[in-house]
Amino acid sequence: GRLLELLAPRTSRALGVDASREMLALARARLSERGLADRCTVRQADMYRLPLADGSFDAVTLQMVLHYAEDPAAALAEAARVLRPGGLLLVADLAPHDHGDVLARFAHRWPGFDDAALAGWLGEAGCAIAATQEIRGALPLRIWRAEKLPVHALANA
């Protein structure tokens, strides 16, 4: 719900998805308390099979979920599927790290991602990285900003 709160002033409609009923209940309550439930909604969904139409969103974000994914490439491909050509895909996740204790304690499947891995997976999904940014901290974070390529650009690639 926090990301939806931050995006609310910049959009007329936003949808958040999560697999966890508990997280969705918290998000719904938070959005309702802040008067945002009319334009920010949440829905239970699997990141590998979103119940959403192809090309139906102008922007898609994946915030701190890829390091839990069994198949990050498939999650990115599904996010790209629901994004319109020219749309923005924003991925915020862990940069590579060597904190094995964090992986075990929080059940992370991946110790972060580097630019090459994301560029490859995003390219396969029909997107191109436009910018990256690192956020330093106890665990380094990285933000990848990508654009969904038009169909004619994919045919010429």
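Residue positions within a chain follow its written sequence, with the count starting from 1. Given that the model is predicted, a residue must reach a pLDDT of at least 70 before its local features are reported, and side-chain atom pairs must reach 80 or more before they are shown or counted; all residues, however, enter totals for whole chains, interfaces and linings. Excluded from the side-chain calculation are hydrogens and water; included are all heavy atoms of the structure.

Undergrad: Sorry if this is basic, but what is going on with the overall build of the chain here?
TA: Helix and strand labels come from DSSP, where a helix needs a run of H or I of at least four residues and a strand needs a run of E of at least two; each type is numbered from the N terminus. Of regular secondary structure, the chain possesses six helices and six strands. Secondary structure elements in the chain, listed N-terminal to C-terminal, are α-β-α-β-β-α-β-α-α-β-β-α. The globule rule is 2.2 Å times the number of residues to the power 0.38, and the radius of gyration it is compared with is taken over C-alpha atoms. Here the C-alpha atoms of the chain give a radius of gyration of 16 Å, agreeing with the 15 Å that 2.2 N^0.38 yields for 157 residues. Taking the principal axes of its C-alpha atoms as reference, the chain extends roughly 45 × 45 × 25 Å. Remark: exposure states derive from per-residue accessible area (1.4 Å probe, protein chains only) relative to the maximum for the residue type, with buried under 20%, exposed over 50%, and partly exposed in between. Across the 157 residues of the chain, 32% fall into the buried class. If you take every contact in the chain between residues at least 6 apart in sequence, the share linking residues at least 24 apart comes to 65%. Throughout, the Shrake-Rupley method with a 1.4 Å probe supplies accessible areas, and for residues the shown protein chains are the sole cover considered. Summed over its atoms, the accessible surface of the chain is roughly 9200 Å², and 54% of this surface lies on carbon and sulfur atoms. Distance between charge centres in the chain, computed from 18 positive and 19 negative side chains, equals 7 Å. Contacts are assigned to residue pairs with any non-hydrogen atoms lying within 4.5 Å of each other. The convention is simple: Lys and Arg are positive, Asp and Glu are negative, and His and the chain ends are not counted. By convention, the charge on Lys lies at NZ, on Arg at CZ, on Asp at CG and on Glu at CD.

Undergrad: Sorry if this is basic, but what is going on with the packing of aromatic side chains here?
TA: Aromatic rings in a pair are described by how distant their centres are and how their planes are angled relative to each other. The rule is short: rings of Phe, Tyr and Trp, with Trp giving its six-membered ring, pair when the centres are within 6.5 Å, and they are stacked under 30 degrees, edge-to-face over 60, tilted in between. Counted according to the given criterion, the structure contains three aromatic pairs. Aromatic side chains Trp110 and Phe113 sit 5.8 Å apart centroid to centroid with 40° between the ring planes, which places their arrangement in the tilted category. Phe113 gets classed as buried once you look at its relative accessible area, which sits at 2%. Each ring, one from Phe113 and one from Trp121, has its centre 5.8 Å from the other, and the planes form 70°; the classification is edge-to-face. Assessed through its relative accessible area of 18%, Trp121 is described here as buried. Counting every residue linked through ring pairs, the aromatic cluster contains Trp110, Phe113 and Trp121.

Undergrad: Looking at this structure, I do not really get the side chain of Arg142. What am I missing?
TA: Relative to the helices and strands, Arg142 resides in strand E6 (residues 141-148). Among the polar contacts listed, one links the side chain of Arg142 to the side chain of Asp115, at a separation of 2.8 Å. N or O atoms closer than or at 3.5 Å make up a polar contact, with two conditions inside protein: a donor-capable atom paired with an acceptor-capable one, and, for residues adjacent in sequence, both atoms drawn from side chains. Separated by 3.2 Å, the side chains of Arg142 and Thr132 make a polar contact.

Undergrad: Please explain the pattern of salt bridges as it appears in this structure.
TA: One side chain can pair with another of opposite charge once the charged atoms of both are near each other. Just to be clear on terms, a salt bridge is a Lys or Arg side-chain nitrogen sitting within 4 Å of an Asp or Glu carboxyl oxygen. The tally for this structure, following the rule as stated, stands at twelve salt bridges. We note a salt bridge from Asp101 to Arg105, for which the minimum N-O separation is 3.2 Å. Of this pair, Asp101 and Arg105 both sit in helix H4 (residues 100-106), four residues apart, which is roughly one turn of the helix. For Arg105, a relative accessible area of 56% gives the class exposed. The residue Asp115 makes a salt bridge to Arg142 at a minimum N-O spacing of 2.8 Å. Here Asp115 is found in helix H5 (residues 115-124), whereas its partner Arg142 is found in strand E6, with 27 residues between them in sequence. Judged by relative accessible area, Asp115 falls into the partly exposed class, the value being 29%. In this structure Arg142 comes out as buried when scored by relative accessible area, which is 13%. Here the salt bridges do not stand alone but share partners, grouping Arg2, Glu5, Arg30, Glu33 and Arg34 into one network.

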